[in-house]
Amino acid sequence: MSNLSKLSKVVILTHEEAAFWPELSNTCVIPNPIITPIGACSDCSHKQVIAAGRYAPQKGFDLLIDSWAIVARKYPDWTLRIYGEGMREELQQQINRLGLTPSCILEHTVPNITDKYGESSVFVLSSRFEGFGMVLTEAMSCGVPVVSFACPCGPRDIIKDGEDGLLVENSNTEQLAEKISLLLADEERRRRMGQQARINSERFRMERIALLWKELFEKQLKEKNI
């Protein structure tokens, strides 16, 4: 801790995480940029929900599958596709046990994930915790409204609740199902939130984030009279 306080600046990804360091007066928040190319903008009409990430406990896909079991009973004509690699067998067994095989599909990682965002109408992040949550900003940049657990750290900084996405109490699977269902039931709301998500995601474009770093370096050089 004493070493961090001696630094000129400690750069942190989110304001939520910065609050964990009240003893430091030298913090600066600069989020990660969107590094994937902008894909086709979703019109939020496809009856498809998407999630993406490593098949690992951190990502909470087991929680998402439990939630989807609730959603699928009300919306059997919708499909959830989860893109990733890792603990596939355990998740597939859960899907089979819950009778979700027709509507919940584990997909392999693809190089064109932004195309998959564009084919979807809702993105879900079910992580137990995150460092930032770049998949949120990627999906939003493709005009997809997001539903996310308010896990530490990232979603609270990224999502404007009720405007470009919906936040859910962390690990609350019933509430997650409720918020997903809210968007599935209302195409106009999905489109409106998706359009706003695309607009709001502009603050995470590479050129915007690069400018924040440039301003930080210039300020530090000026303070040191270099």
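Just so it is clear, the model here is predicted, and its values are computed rather than measured.

## Observations concerning the overall build of the chain
Part 1 of the argument: Of regular secondary structure, the chain possesses ten helices and eight strands.
Part 2 of the argument: In terms of C-alpha radius of gyration, the chain reaches 19 Å, essentially the compact-globule figure of 17 Å for 226 residues.
Part 3 of the argument: Projecting the C-alpha coordinates of the chain onto the three principal axes gives extents of approximately 65 × 35 × 30 Å.
Part 4 of the argument: In the chain, 27 positive and 30 negative side-chain charges are present, and the distance between their average locations comes to 3 Å.

## Observations regarding the pairing of strand 6 (residues 122–125)
Part 1 of the argument: Burial of the side chains of strand 6 extends over both faces: Val-122 and Val-124 are buried on one face and Phe-123 and Leu-125 on the other.
Part 2 of the argument: Of the pairings in the sheet, the one linking strand 3 (residues 48–52) to strand 6 comprises two bridges and is parallel in character. Opposite Val-49, over in strand 6, you have Val-122 as the bridge partner.
Part 3 of the argument: As paired elements, strand 6 and strand 7 (residues 146–149) share three bridges and run parallel to each other. Among the inter-strand pairings, Val-124 is bridged to a residue of strand 7, identified as Val-147.

## A word on the sheet that holds strand 4 (residues 79–83)
Part 1 of the argument: Spatially, six strands are ordered 5-4-3-6-7-8 in an open sheet, and the strand pairing comes out parallel. In this open sheet, the two edge strands, each paired with only one partner strand, are strand 5 (104–107) and strand 8 (165–168). Across this sheet, the average inter-strand angle for adjacent strands is 20 degrees, counted without regard to direction.
Part 2 of the argument: Along the sheet face, helix 6 (residues 134–141) touches strand 3, strand 6 and strand 7 and points at about 175 degrees away from the line of strand 6.

## As for unusual backbone geometry
Part 1 of the argument: Each neighbour pair has its own omega, and for Pro-152 with Cys-153 the value is -10 degrees, a cis peptide bond.
Part 2 of the argument: Tracing the sequence through the fold places Cys-153 in the loop between strand 7 and helix 7 (155–158).
Part 3 of the argument: Notably, Cys-44 is not glycine yet its phi reads approximately 60 degrees, a positive angle.
Part 4 of the argument: With respect to the helices and strands, Cys-44 occurs in the loop between strand 2 (27–29) and strand 3.
Part 5 of the argument: Since its relative accessible area comes to 1%, Cys-44 is described here as buried.

## Let's talk about the pattern of salt bridges
Part 1 of the argument: One pass over the structure, following the stated rule, counts eight salt bridges.
Part 2 of the argument: Arg-191 is the partner of Glu-187 in a salt bridge, and the nearest nitrogen-oxygen pair spans 2.6 Å. Taken together, the residues Glu-187 and Arg-191, both in helix 9 (residues 187–200) and four residues apart, mark about one turn of the helix.
Part 3 of the argument: For Arg-191, a relative accessible area of 34% puts it in the partly exposed group.
Part 4 of the argument: The salt bridge involving Glu-218 is made with Lys-214; its shortest N-O contact spans 2.6 Å.

## Describing a nonpolar patch on the surface
Part 1 of the argument: Together, Val-11, Trp-213 and Phe-217 line one region of the surface with nonpolar side chains, adding up to about 270 Å² of accessible area.
Part 2 of the argument: Judged by relative accessible area, which is 33%, Val-11 ranks as partly exposed.

## Observations regarding helix 6
Part 1 of the argument: In terms of residue burial, helix 6 counts as a mostly covered element, since seven of its eight residues are buried.
Part 2 of the argument: All of the buried residues along helix 6 are Val-135, Leu-136, Thr-137, Glu-138, Ala-139, Met-140 and Ser-141.
Part 3 of the argument: As for helix 6, its buried residues are in contact with strand 3, helix 5 (113–118), strand 6, strand 7, helix 7 and helix 9.
Part 4 of the argument: Once helix 6 ends, the next one or two residues include Gly-143, with phi positive near 75 degrees.

## Some points on the packing of aromatic side chains
Part 1 of the argument: Evaluated as defined, the whole model comprises four aromatic pairs.
Part 2 of the argument: Ring geometry for Tyr-117 against Phe-123: centres 5.8 Å apart, planes inclined by 80 degrees, an arrangement best described as edge-to-face. With respect to class, Tyr-117 is no different from Phe-123; both count as buried.
Part 3 of the argument: Ring centres of Trp-213 and Phe-217 lie 5.8 Å apart, and the angle between their planes is 35 degrees; this geometry places the pair in the tilted category. One end of the pair, Trp-213, and the other, Phe-217, are both in helix 10 (residues 206–223), four residues apart, so they sit about a helical turn from each other.
Part 4 of the argument: Assessed through its relative accessible area of 33%, Trp-213 is described here as partly exposed.

Analysis parameters
Residues numbered from 1 in each chain as written. Predicted model: local features only at pLDDT ≥ 70, side-chain atom pairs only at ≥ 80, totals over all residues. Heavy atoms only, no water. Helix = DSSP H or I, 4+ residues; strand = E, 2+ residues; numbered from the N terminus. Rg over C-alpha atoms; globule rule 2.2 N^0.38 Å. Lys, Arg positive; Asp, Glu negative; His and termini not counted. Charge placed at Lys NZ, Arg CZ, Asp CG, Glu CD. Buried < 20%, exposed > 50% of the residue type's maximum accessible area, 1.4 Å probe, protein only. Pairing = 2+ DSSP bridges. Axes fitted to C-alpha atoms, helices over the stretch in contact; angles between N-to-C directions. Contact = heavy atoms within 4.5 Å. Salt bridge = Lys/Arg side-chain N within 4 Å of Asp/Glu carboxyl O. Patch = residues over 30% accessible without salt bridge, like charges linked within 9 Å, V, L, I, M, F, W, Y side chains within 5 Å. Areas by Shrake-Rupley, 256 points an atom, 1.4 Å probe, with all protein chains shown as cover. Phe/Tyr/Trp six-rings, centres within 6.5 Å; stacked < 30°, edge-to-face > 60°.

Purely geometric stuff here, so don't read any function into it on its own.
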